[in-house]
Amino acid sequence: MEEKIALFTIFGGTGDLARRKLYPSLYRLYKKGFLNKKFAVIGTARREWSDEYYREIVLDTIADLTESKEDALEFASHFYYQAHNVTDAEHYSTLKQLSKKLNDTYQLEDNHIYYLAMSPQFFGTITEHLKDQELISDTGFNRLIIEKPFGHDYESAATLNEQIRASFKEEQIYRIDHYLGKEMIQNISAVRFANTIFESMWNNRYIDNIQITLSESLGVEERGGYYDTSGALRDMVQNHILQVVSLLAMEPPIELKDEAIREEKIKALRSLRIYSKEEVQKYFVRGQYGASTVDGVTSLDYREEKNVAPDSTTETFVAGKVLIDNFRWAGVPFYIRTGKNLRQKGTQINIQFKSMPLNLFSDDHTEALEPNVLTIYIQPTEGFSLQLNSKKIGPGLETELLNLKHKNSAETSSNSPEAYEKLILDCLNGDATNFTHWDEVAQSWKFVDVIRDTWDQETPEFPNYPSKSMGPVCSDELLEKDGFKWFWNPKSN
Ligand code: BG6
């Protein structure tokens, strides 16, 4: 195992993301030997913390993962805290001194990873200061990891990008979309490019429609303040869902390396049909959850959630039909849906193949056979299934459905590295495959902006779906109009 060498500077070092994801991921990398002696972490935030206190917090976040106390203490000893006001130039000089010191102590070869795990409004300010106060080294590598959201529309994203690009080159920027770190999202390429039976049929001659569902069973919980200004379209569609669409729709890359894959993803995103207002009204629907009581458990109305406006028109559910205007996909709808407070937590992709031209198993040959459906289970279950028709055992020629299933065992799934762990390791390796390039961000915003603009001109009648359902009726109608239905329809418990 090759040891990676770097100084991590985490802006937002006291925050939720750092505690829940970053420190445990760094620890796992440490346990696996990717990080060993030559790494250090500076946590920065406004609060005045000592190194000791910071290390206590870090130890707390990895408590469930540690087997030996010495080991955990050794790991935490690489962590340093620096109180920091991101707008104050002087603070960057202090940060620089600490960086230099740690660089010498741990022999870090001037390799820097700057992780912006905080409010995006400061991204531009921070990167500008990092450059002006000369924290970007000439000798080692300088990589910038940025959390979402990257802008709230195309224009704001472009402005932010310009600000950041004044200090970092595109190839130094790692825009996080944590879905790209998920095991089964990375498996989409294997399903497609390692299996003749699928790739040869991966087009509009054989596929009828593709369905992508990112269903969440929780409401907005503590994040009402952020979510109410964002909504499901910006929170989930612009990034995660369109990334999944691009991986499913792209042409085979010439190799499975970052530039080659990215080229194809960008081409796929460029082929998305940007809708007119009329098309938005036809092809996209939204919803907001209302109160409900299921199995004795009562869920709040979205408008009653903490930090949500009592007359909020923010959507907590989106379903839509995405069209890709290229030779491979012309005429194949990609149906997408995502929502909060739905019946079940689960992410899955259903690829529905075209039905047989006629049904030899029915008397008049007209009653359609069930289609073959390939399902990729992303989470919480990881695996695949393939729905097939088979002859029922016994006399006659009646058919029945059977399902070939492979599910990763609980042990495999629990041992598969967490998304953040993989993404941090990718960044240490200088591999940007599973991060979002600016061209992808730009194209996704262009697609989403017209939907947002159209919706912002009308007042929706919310709430329109009860919590713990699978969304509003208009979501089912969207597919019914085309003669389809949602393949995944989890029943209530
Ligand atoms: C985040 C969104 O990007 O993804 C959240 O901001 C959402 O609102 C989360 O809950 C879902 O991620 P996962 O990995 O739980 O599907």
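Refer to the structure printed above.
Residues numbered from 1 in each chain as written. Predicted model: local features only at pLDDT ≥ 70, side-chain atom pairs only at ≥ 80, totals over all residues. Heavy atoms only, no water.

On to the packing of aromatic side chains, then. Going through the model one piece at a time under the given rule, you end up with 29 aromatic pairs. Three or more aromatic residues joined by ring pairs form one cluster here, namely Y23, Y27, Y30, F39, W49, Y53, Y54, F75, F79 and Y81. The ring of F150 is capped by R175, whose NZ or CZ atom sits 5.0 Å from the centre of that ring. (Phe/Tyr/Trp six-rings, centres within 6.5 Å; stacked < 30°, edge-to-face > 60°. Lys NZ or Arg CZ within 6 Å of the ring centre and 35° of its normal.)

Turning to the sheet that holds strand β3 (residues 79-83), a few remarks are in order. Spatial ordering of the open sheet is given by β3-β2-β1-β4-β5-β6, a layout of six strands whose pairing is parallel. Each having just a single partner strand, β3 and β6 (173-175) make up the two edges of the open sheet. Each adjacent strand pair in this sheet contributes to an overall mean axis angle of 20°, direction not counted. Where strand β1 (residues 6-11) and strand β2 (residues 39-45) come together, six bridges link them in parallel fashion. Its bridge partner lying in β2, F11 is registered against T44. Strands in contact with helix α2 (residues 51-61) are β2 and β3; relative to β3, the strand with the most contacts, it is inclined by about 120°. Contacting β1, β2, β3 and β4 (112-116), helix α4 (residues 89-106) crosses the sheet at an angle of about 165° to β2. (Pairing = 2+ DSSP bridges. Helix = DSSP H or I, 4+ residues; strand = E, 2+ residues; numbered from the N terminus. Axes fitted to C-alpha atoms, helices over the stretch in contact; angles between N-to-C directions. Contact = heavy atoms within 4.5 Å.)

Before going further, it helps to spend a moment on the site of the ligand. Around the ligand sit K148, H178, Y179, K182, E216, R223, D235, M236, H240, K340, K345 and Q379, and that is every residue in its neighbourhood. A distance of 2.8 Å separates an oxygen atom of the ligand from a polar atom in the side chain of H178. In this structure, E216 approaches the ligand through a side-chain N or O atom, which is 2.5 Å from an oxygen atom. For the ligand, whose free accessible area comes to 400 Å², the fraction covered by protein is 81%. (Near = heavy atom within 4 Å. Polar contact = N/O pair within 3.5 Å; in protein donor to acceptor, adjacent residues only side chain to side chain. Areas by Shrake-Rupley, 256 points an atom, 1.4 Å probe, with all protein chains shown as cover.)

A separate point is the sheet that holds strand β16 (residues 383-391). With respect to topology, eight strands assemble into an open sheet ordered β8-β12-β13-β7-β14-β15-β16-β17, the strand pairing being mixed. For this open sheet the edge positions go to β8 (284-287) and β17 (399-407), each flanked by a neighbour on one side alone. Ignoring which end each strand starts from, the neighbouring axes of this sheet average 15° apart. Pairing between strand β7 (residues 207-215) and strand β14 (residues 346-353): eight bridges, direction antiparallel. Counterpart to Q211 in the pairing with β14 is N350. Against the sheet, helix α15 (residues 438-456) contacts β8 and β12 (317-322), and its axis sits at roughly 60° relative to β8.

Glancing now at unusual backbone geometry. Here the bond from K148 into P149 is cis, since omega is -5°, no more than 30 degrees from zero. Along the chain, F462 connects to P463 via a cis peptide bond; the corresponding omega equals -10°. Unusually for a residue other than glycine, E221 sits at a positive phi of about 50°. The phi torsion at D295 lies on the positive side, around 50°, for a residue other than glycine. On the basis of relative accessibility, which here comes to 60%, the residue D295 falls in the exposed class. (Buried < 20%, exposed > 50% of the residue type's maximum accessible area, 1.4 Å probe, protein only.)

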